[in-house]
Amino acid sequence: MIAGRTLSAEKTLQTEHLTAYYGSVCALKDVSMRFEAGAITALIGPSGCGKSTLLRCLNRMHEIIPGTRVEGEVRLDGKNLYDPAINATEMRQRIGMVFQRPNPFPTMSIVDNVLAGVRLTNKLRDRTQLQELAEQSLRKAALWDEVKDQLHRSGTSLSGGQQQRLCIARALAVEPEVLLMDEPASSLDPISTTKIEDLMRELKGDYTFVIVTHNMQQAARVSDYTGFLLAEESTPGHLIEFGTSSKIFTTPKDKRTEDYITGRFG
Amino acid sequence: MATESIEIASLPRTTTTAVRLRGAQLADRLVVGFFGLAAWLVLLVVAALFVTLAIAAWPAIKTVGWPALHSALWDPNNGKFGVLSFVFGTLVTSGIALLLAGPVGIGAALVLAEVAPKRLAGPVAMLIELLAAVPSVVFGIWGLFVLAPVMRGAIEPALARTLGFLPLFQGYFFGVGILTAGVLLAIMILPTIAAITRDIFEAVPAHQREGMLALGATKWEVLARAVIPYARSGIIGALVLALGRALGEAIAVAMVIGNKPAISASLFSPGYSLASVVANEFTEATGQQYLAVLVGIGSLLFVLSMLVNVAARLLVWSVGRSQSAARA
């Protein structure tokens, strides 16, 4: 369906002067950055630096928490996602999300989990098409071989690593352009982590990835670009430095970036 | 962590640590013993209740016997003890109550947990929980003086006009009867259902909602496809608890059901229930047999409630199984 598609440059996601609040507390201040289409961009920084908040602003998941507020713009296709004319639910089908903790729907089978998002759209498909889409999505998430004989078992019967890949398959089945990943491997073992990193590398080009991670090795291994965020005394989380990952992790320009990636704090 | 445990392991077992360990083990055993005793005590009370009831009801079972279960003729003065009309009254009034209160209670809980602003939902939820604590005799008085006249004057005529082609809604409007008892029971179990299901909805983890939302679901789709399925077995549990209260309610039902041991197709007609016949006639029961039959009716109610509970557990269990065996 979308195999072999390459994302054109206008599919680049970008933020302009993005500022986010929880009540009166500002968690993220004035972030302007680009998430290259078809590339993997990592967001790193110590706890409380606003990297997860930034990620959640990119598909308007920040605003579902009562009392929160966002200023500035997030642009995709040149359109501001925060424009009142934009339908947030349609937009979220273009910008998918994978969460820190695997969250398959326990009352659904594996295949129903994969198709949960597709079934929300009114694009009526026949059974074979749905089955094909499920298989395709599970293959992309590198889970097909492990679950093909138990597609009708509960999604929660899988191991943690498999559950997370199931959630990735679920996000991919909606055929998004961007996939936001909020520390997708932080609760997983090293082998599962490797599988997820491998599939990200496999799928980039077709999808734009934004990954929040605590794990700097992971950011260095998997990402093309890296943004370093930091909350300092009296300044809420903001973007300190952004560049290609090879630059950030070898010759950072900012002293604070260097201190962080060499493990001097955070 | 690792080094610490090695140190502890390689530490020579001095007498003081040994004594301390023995003390801790003793404390562990005491705690386990105490709570184990409490758990067994509950079972013991249930068993004792059952045995006492069975012994007291034995003369009735021996003399009246099983035929009483399929006879509706209740004439204690002439030794006729058919209990079928009571079973009918209990099941039908409880069924009506569950049918009415179930959807309303779940709907109210959904609104309180998911839609209403927190500032409003908190106080309203507290009021609902307060309603659950109102004594049943108060509900009974209200039912007799407020609900019954309204049923007779407005609701029963309206039902007869619109659904009168069904035998259920034909006949005289008494005000007191099966339908009124069912409606009153519905009002009584509504707070139980609403309060518990609200807690269940609130306990649905945020990651389930966010997972559905992030796939492009609307608020209602999140409720219908993530929140309600997740809460399903808990909701069934709340309904069972409410049904238990409805089955066992004696006083309020006795005040509005009409107290007539008869089975009628019309919901307007008066009836009787297991619990209310025991409450009404226990003090007036003359003779050993009459008393024993009433205790037997109590046992029957006990068994009936247990059967309903078992059926509900099976339902929860089969729902759980069909979940894991769900087809595409």
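All values derive from a computational prediction rather than experimental measurement. (Residues numbered from 1 in each chain as written. Chains lettered and ligands numbered in written order. Predicted model: local features only at pLDDT ≥ 70, side-chain atom pairs only at ≥ 80, totals over all residues. Heavy atoms only, no water.)

S.K.: Sorry, what's going on with the overall build of chain A here?
M.R.: On a plain count of helices and strands, chain A comes out with 10 helices and 10 strands. Against the compact-globule benchmark of 18 Å for 266 residues, chain A has a radius of gyration of 18 Å, which places it among compact chains. Principal axes of the C-alpha set define a box for chain A whose edges measure 55 × 45 × 35 Å. In chain A, which comprises 266 residues, the proportion classed as buried is 57%. Put simply, 67% of the contacts in chain A that link residues at least 6 apart link residues at least 24 apart. Accessible surface for chain A amounts to roughly 11,200 Å². Of this, 49% is attributable to carbon and sulfur atoms. Side-chain charges in chain A split into 32 positive and 33 negative, and the spacing between the mean points of these groups amounts to 2 Å. (Helix = DSSP H or I, 4+ residues; strand = E, 2+ residues; numbered from the N terminus. Rg over C-alpha atoms; globule rule 2.2 N^0.38 Å. Buried < 20%, exposed > 50% of the residue type's maximum accessible area, 1.4 Å probe, protein only. Contact = heavy atoms within 4.5 Å. Areas by Shrake-Rupley, 256 points an atom, 1.4 Å probe, with all protein chains shown as cover. Lys, Arg positive; Asp, Glu negative; His and termini not counted. Charge placed at Lys NZ, Arg CZ, Asp CG, Glu CD.)

S.K.: How should the pattern of salt bridges be read in this particular structure?
M.R.: Residues and elements named next belong to chain A. For the structure on display, the rule yields 22 salt bridges over all chains. As a salt-bridge pair, Arg94 and Asp77 come within 2.7 Å of each other at their nearest N and O atoms. Within this pair, whereas Arg94 is found in helix H2 (residues 88–94), its partner Asp77 is found in the loop between strand S4 (68–76) and strand S5 (79–80), the two being separated by 17 residues in sequence. Classification of Asp77 by relative accessible area gives partly exposed; the value is 27%. With a closest N to O distance of 2.7 Å, Glu197 and Arg221 form a salt bridge. Placement of the pair is Glu197 in helix H7 (residues 190–203) and Arg221 in helix H8 (residues 216–222), with a sequence separation of 24 residues. Look at Glu197 and you get buried, because its relative accessible area is 3%. A residue is classified by how much of its surface remains accessible, and Arg221, at 44% relative accessible area, is partly exposed. Taken together, the shared-partner salt bridges in this structure form one network comprising Glu16, Glu73 and Arg75. (Salt bridge = Lys/Arg side-chain N within 4 Å of Asp/Glu carboxyl O.)

S.K.: Can you help me understand the packing of aromatic side chains in this one?
M.R.: The geometry of an aromatic ring pair is captured by the separation of the ring centres together with the interplanar angle, meaning the angle of the planes. On inspection of all chains with the given rule, the structure shows 13 aromatic pairs over all chains. Arranged with centres 5.5 Å apart and planes meeting at 35 degrees, the rings of B:Phe50 and B:Phe302 form a pair that is tilted. Taken together, the residues B:Phe50 in helix H2 (residues 15–63) and B:Phe302 in helix H11 (residues 288–324) connect sequence positions 252 residues apart. Among the aromatic residues, those joined into a cluster by ring pairs are B:Trp74, B:Phe81, B:Phe86, B:Tyr272 and B:Tyr290. If you follow A:Arg60 out to its NZ or CZ, it ends over the ring of A:Tyr82, 5.3 Å from the centre. A cation over an aromatic ring shows up here: A:Arg170 above the ring of A:Phe105, its NZ or CZ 4.4 Å from the ring centre. (Phe/Tyr/Trp six-rings, centres within 6.5 Å; stacked < 30°, edge-to-face > 60°. Lys NZ or Arg CZ within 6 Å of the ring centre and 35° of its normal.)

S.K.: What exactly am I supposed to notice about the environment of B:Ser94 here?
M.R.: Residues and elements named next belong to chain B. Counting through the fold element by element, Ser94 comes out in helix H3 (residues 84–115). A relative accessible area of 1% places Ser94 in the buried class. Each C-alpha atom of the pair Ser94 and Leu185 lies 7.1 Å from the other, and the pair is 91 residues apart in sequence. Ignoring any residue separated from it by four or fewer positions in sequence, one finds Ser94 in contact with Leu185, Leu243, Ala246 and Leu247. Only 2.9 Å separates the side chain of Ser94 from the backbone oxygen of Thr90, close enough to count as a polar contact. (Polar contact = N/O pair within 3.5 Å; in protein donor to acceptor, adjacent residues only side chain to side chain.)

S.K.: Sorry if this is basic, but what is going on with the interface of chain A and chain B here?
M.R.: The figure often quoted for interface size is the accessible area lost as the parts come together. Taken together, the contact pairs 32 residues of chain A with 23 residues of chain B. Summed over both sides, the interface between chain A and chain B buries roughly 2,200 Å², with carbon and sulfur atoms accounting for 60% of that surface. On the chain A side of the contact with chain B, A:Phe105, A:Thr107 and A:Leu120 bury the most area, a combined 28% of that side's loss. We note a salt bridge from B:Glu210 to A:Arg56, for which the minimum N-O separation is 2.8 Å. (Buried area = accessible area lost by both parts, 1.4 Å probe.)

S.K.: What is the right way to read the domain arrangement of chain B from this model?
M.R.: Residues and elements named next belong to chain B. Here chain B is partitioned into domain 1 (13–63) and domain 2 (66–324). Taking only C-alpha atoms, the centre of domain 1 and the centre of domain 2 are 34 Å apart. The interface is formed by 10 residues belonging to domain 1 together with nine residues belonging to domain 2. Regarding the contact of domain 1 and domain 2, the summed buried area is about 760 Å², with carbon and sulfur atoms giving 82% of it. For domain 1, the biggest contributors to the area lost against domain 2 are Phe50, Leu53 and Ala60; these three give 48% of the whole. Across the side of domain 1 that touches domain 2, the residue classes break down as nine nonpolar, one polar and no charged. (Domains from an automatic or database assignment. Nonpolar A, V, L, I, M, F, W, Y, C, P; charged D, E, K, R; others polar.)

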